[in-house]
Structures are given as C-alpha cells and as structure tokens.
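What follows is each chain in one-letter form.
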Amino acid sequence: IDALTNNSYRTGCDHNDPSVTGRINIGYQINKHLAIEAGYIDLGSSDLEFRGRSNVDNRIPAGQVFESTSLFQIRGYTLGARFSRPLSSKLKIYGKIGGFLWHSRYDATFQTPTDQFSITRLESGPDTTGGIGLRLKLSSHWSIGMGWEYYAADGEHMDLYLIDLIWRHKPS
C-alpha cells in the first residue's frame, strides 16, 4: 500500500472495513491476576479503491489517470500476558499486552486508459498487540466478555471491538 499512498500518486481512496474477524486463544491461568495466552487471529479483509493521477513516471506514466481495485488481508499469531482484577465475585476487568506475528496479502488491479496490470504483495513481521475488557462469569466453566484490542502491523494499526465466549477447562 505504501507504493500507492506515498508521494508517487495523488489519489482518492474508498476503504470498506472488514466484515468478519475470527480468533481462537488458549491460555494458562498462572494465578488469580495473571494468565499467559497464545492465539491465532484472522483480522478479515478490506476492499480498497484508489482513483488518481500519477505524479511520477513509473509503471503508470506521470500525468496518467488510473483506477485501482484492491483487496488487503491480514492474519497472524499472538502471544501475551493478560492481567485481571476482580470488580465483584462475577465481574473482572482485564488488560493485555503481547506480541503479534502477522502475515498480510495485498492484491491490486490497476486500470489506465491504455493498460491494465495486477500486483500481489506478501509481507510479514513481528509487532505488538494489547487491549482492555470486562468478563462476566456465567458458571464455573463459562464466561462472556467484551473489550477492545489493538493490533499493530508494519506501522499501521487495527482496532477490534469484540464479544467473547470463554470456556475454562478447570472450573473457577
């Protein structure tokens, strides 16, 4: 995306937010306040549409009008710590921080009045994640939660607002 949004092109951009996000976590409760969690998350995909005029003489000649339709996907693995504090016998507040090993795929098709071409860009790297939330105990094995999580990837960030269903093997 950097090649499209830096000073090489003047663009207008329409961005559609991801519609579906999924994740799965496993963890170990070390004590009443600290847990270690590992997981996999698919942050979904976003459709991007660029329209503009090229500012440099590159694959699209300077001054040439272009349109681009793109699909951006990101997913990865997480490892981190969750710190919690009881607010009552059934309600906890928590904060979490950790690492995010992400993989992204960017597919774009460019159309000019005289040419059409496509590019695919694959990237990956380590970054950070964190979040805050509340958990409500429903039974000795089940809880529900709601929260906000932050995922950083290659200088960008994604905000995730979530509702969780939590099952604990060992009753609490």
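Please read all numbers here as calculations on a predicted model, not as lab measurements.

### Structural notes on the overall build of the protein chain
Thinking step 1. When its secondary structure is counted, the protein chain shows one helix and eight strands.
Thinking step 2. Expressed as a percentage of its 172 residues, the buried residues of the protein chain come to 31%.
Thinking step 3. Restricting to contacts in the protein chain with at least 6 residues of sequence separation, those with at least 24 account for 60%.
Thinking step 4. Just so you have it, the protein chain exposes about 10,600 Å², and 57% of that area is on carbon and sulfur atoms.

### What to know about a nonpolar patch on the surface
Thinking step 1. A cluster of nonpolar side chains, contributed by Leu 136, Leu 138, Trp 142, Ile 144, Leu 165 and Trp 167, occupies part of the molecular surface with about 600 Å² of accessible area.
Thinking step 2. Mapped onto the nonpolar patch, the elements with two or more residues apiece are β7 (142-153) and β8 (156-167).
Thinking step 3. You can see Leu 138 is positioned in the loop between β6 (116-137) and β7.
Thinking step 4. According to the relative accessible area criterion, Leu 138 is partly exposed, its value standing at 48%.

### Re the pattern of salt bridges
Thinking step 1. On inspection of all chains with the given rule, the structure shows nine salt bridges.
Thinking step 2. Put simply, Glu 149 and Arg 23 hold a salt bridge, and the shortest N to O gap is 2.6 Å. Residue Glu 149 is located in strand β7, and its partner Arg 23 is located in strand β2 (residues 22-29); the two are separated by 126 residues in the primary sequence.
Thinking step 3. Residue classification places Glu 149 among the buried positions, given a relative accessible area of 1%.
Thinking step 4. Residue class for Arg 23 comes out partly exposed when judged on its relative accessible area of 26%.
Thinking step 5. Note that Asp 164 and Arg 23 form a salt bridge whose closest N and O atoms lie 2.7 Å from each other. Placement of the pair is Asp 164 in strand β8 and Arg 23 in strand β2, with a sequence separation of 141 residues.
Thinking step 6. A cluster of three or more residues bridged by salt bridges with shared partners is formed by Arg 23, Glu 37, Arg 82, Lys 96, Arg 135, Glu 149 and Asp 164.

### A closer look at the environment of Ser 84
Thinking step 1. Relative to the assigned elements, Ser 84 resides in strand β4 (residues 65-86).
Thinking step 2. On a C-alpha basis, the gap between Ser 84 and Gly 95 in space is 6.5 Å, while along the polypeptide they are eleven residues apart.
Thinking step 3. Not counting the four nearest positions on each side in its chain, Ser 84 is found in contact with Lys 32, His 33, Lys 92, Ile 93 and Tyr 94.

Parameters at a glance
- Residues numbered from 1 in each chain as written.
- Predicted model: local features only at pLDDT ≥ 70, side-chain atom pairs only at ≥ 80, totals over all residues.
- Heavy atoms only, no water.
- Helix = DSSP H or I, 4+ residues; strand = E, 2+ residues; numbered from the N terminus.
- Buried < 20%, exposed > 50% of the residue type's maximum accessible area, 1.4 Å probe, protein only.
- Contact = heavy atoms within 4.5 Å.
- Areas by Shrake-Rupley, 256 points an atom, 1.4 Å probe, with all protein chains shown as cover.
- Patch = residues over 30% accessible without salt bridge, like charges linked within 9 Å, V, L, I, M, F, W, Y side chains within 5 Å.
- Salt bridge = Lys/Arg side-chain N within 4 Å of Asp/Glu carboxyl O.

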